[in-house]
Amino acid sequence: VAAAFTQGTGDFTVLLENAMHKALQTAYAVTPDTWSRFCKIGSVSDFRAHGRYRTGSLGSLDEVNELGEFLNKTIPDGEKGSITAKTRGNIINLSRQAIINDDLGAFIGLAADLGRAGRRTIETRVYALLAENSGAGPTMGDGNPLFHATHNNITTSAAITMAALDLDRVAMASQTDVGGNDFLDLRPAVLLVPLSLGGTARSINEAQYDPDTANKLQKPNIVNGLFRDIVDSPRLSGNRRYLFADPNEAPVLEVAFLDGNQEPFVEQQAGFTVDGTQYKVRLDFGVAAIDYRGAVTNAGG
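Residues numbered from 1 in each chain as written. Predicted model: local features only at pLDDT ≥ 70, side-chain atom pairs only at ≥ 80, totals over all residues. Heavy atoms only, no water.

A. Geometry of the overall build of the protein. Within the protein, the regular secondary structure consists of 5 helices and 11 strands. Counting all 301 residues of the protein, 43% fall into the buried class. Long-range pairs, those at least 24 residues apart, make up 76% of the contacts in the protein with a sequence separation of at least 6. Surface accessibility of the protein: about 16,300 Å² in total, with carbon and sulfur atoms responsible for 51%. (Helix = DSSP H or I, 4+ residues; strand = E, 2+ residues; numbered from the N terminus. Buried < 20%, exposed > 50% of the residue type's maximum accessible area, 1.4 Å probe, protein only. Contact = heavy atoms within 4.5 Å. Areas by Shrake-Rupley, 256 points an atom, 1.4 Å probe, with all protein chains shown as cover.)

B. Representation of the pattern of salt bridges in the model. Applying the stated criterion across every chain yields a total of 13 salt bridges. Asp229 is the salt-bridge partner of Arg37, the closest N and O atoms lying 2.8 Å from each other. Placement of Arg37 in the loop between α1 (9-30) and β1 (40-44) and of Asp229 in strand β6 (residues 229-233) is noted, with a sequence separation of 192 residues between them. Accessibility expressed as a relative area gives 30% for Arg37, which makes it partly exposed. (Salt bridge = Lys/Arg side-chain N within 4 Å of Asp/Glu carboxyl O.)

C. Structural detail: the sheet that holds strand β5 (residues 188-194). Across the sheet, 4 strands lie side by side as β6-β5-β7-β11; this open sheet has mixed pairing. Edge positions in the open sheet fall to β6 and β11 (295-298), since each of these has one partner strand only. Put simply, the sheet's adjacent strands are angled 20° from each other on average, direction ignored. Sheet strands touched by helix α4 (residues 162-173): β5, β7 (241-245) and β11. Its angle to β7, the strand with the most contacts, is close to 45°. Along the sheet, helix α5 (residues 198-206) makes contact with β5 and β6, crossing β6 at roughly 170°. (Pairing = 2+ DSSP bridges. Axes fitted to C-alpha atoms, helices over the stretch in contact; angles between N-to-C directions.)

D. Geometry of the pairing of β6. Burial runs high along β6: 5 of the 5 residues are buried. Here β6 shows no split at all, with Asp229, Val231 and Ser233 on one side and Ile230 and Asp232 on the other all buried. Of the strand pairs in this sheet, β5 and β6 are connected by 5 bridges, and their pairing is parallel. Each bridged residue has a counterpart across the sheet, and for Val190 the counterpart in β6 is Asp229.

E. Spatial organisation of empty space enclosed by the protein. Summed over the entire model, instances satisfying the criterion amount to 1 cavity of 30 Å³ or more. A volume near 40 Å³ is recorded for the largest cavity. Lining the largest cavity, in full, are Met20, His21, Leu24, Ile92, Ala111, Leu114, Val266, Tyr279 and Val281. Put simply, the parts of the chain that give the lining of the largest cavity at least two residues each are α1, α3 (105-135) and β10 (276-289). Residue composition of the lining of the largest cavity, grouped by class: 8 nonpolar, 1 polar and no charged. (1 Å grid on protein atoms, 1.4 Å probe; cavity = no way out; pocket = protein on both sides within 12 Å on 5 of 7 lines; lining within 4 Å. Points joined across faces, edges and corners; volume = space filled by probe spheres on them. Nonpolar A, V, L, I, M, F, W, Y, C, P; charged D, E, K, R; others polar.)

F. Seen up close, α4. In this model α4 runs 17 Å from its N-terminal to its C-terminal C-alpha over 12 residues, within 8% of the 16 Å that 1.5 Å per residue would give. Of all the positions in α4, only Met162, Ala164, Leu165, Asp166, Asp168, Ala171, Met172 and Ala173 are classed as buried. Buried residues along α4 sit against β5, α5, β7 and β11. (Expected span 1.5 Å × (residues − 1).)

G. Local environment of the layout of surface pockets. Estimates place the volume of the largest pocket at around 290 Å³. Forming the boundary of the largest pocket are 16 residues, of which Arg54, Glu249, Ala250, Pro251 and Asp291 lie nearest the centre. In terms of residue count, the dominant contributor to the lining of the largest pocket is strand β2 (residues 50-54) (3 residues). The volume enclosed by the second largest pocket comes to roughly 230 Å³. Residue lining of the second largest pocket: 16 residues in total, with Arg54, Lys80, Met140, Gly141 and Asp142 positioned closest to the centre. Among the elements of the structure, β3 (79-83) and β10 are those that each provide at least two residues to the lining of the second largest pocket. Ranked by the residues each element gives to the lining of the second largest pocket, the list is headed by β3, at 4 residues. For the lining of the second largest pocket, the class distribution of residues is 7 nonpolar, 5 polar and 4 charged.

By themselves, these observations are geometric and do not establish any function.
This is how it looks when you write it as structure tokens:
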């Protein structure tokens, strides 16, 4: 009868796997990030390159005179970007003795660290992409960096001020569609700056009057409330700033997860030749720049 209540170490590893999985998922969920505030979140079905297509507009309708014929409208060509998911993960090995001797505390802490590592991995990949080409971002399908003069998304270097941000706003709103038939009239929603410029950026965005004028009560702040969100990150250095439109309206950077699964996955396998257990943690995602029209950068001054 007593044997019926005996619990082996195999049962304990199952309980440990469940506890570690919960700790990992919880830590992943509560770890703060910034990428989700200016990137689009997407999904891919496999590890092949997946296209992201942008179509042009038809422009305006042509006038038809009395008894005149309707003219054929040329359908504009589109543009294509792509994104590919990759697998990132690690294996941790726990011996049978370590599992028996531990009170779960160290292993739960280790699982939480893995959860935070998963969140951090996405964060570092997004900023590494932005850092390519000396801060001009990754090379696009046309052979130019994300931020390039031919893309009309670089403004003349200037320190972050009310007037400079207004010029950045104008540059974004002046972007045209793929065929150049119409203005997109995009407006910046998120300002991304180095940590040292976060306070200045918030001050300008929230000030009722121009904070750079000698008489603060004379000149209204023309960019008051321009940004819904100010993101300052220690992963940026120098004075360069980035302005992004709403990523749901005009996505520039996308983070795509395999089958939409945004959380790390944990698998457990009992050892045979070695007495212990292995835990594998993996996260499948890709990061890419899929369009340039919804962003502007300025090197600062």
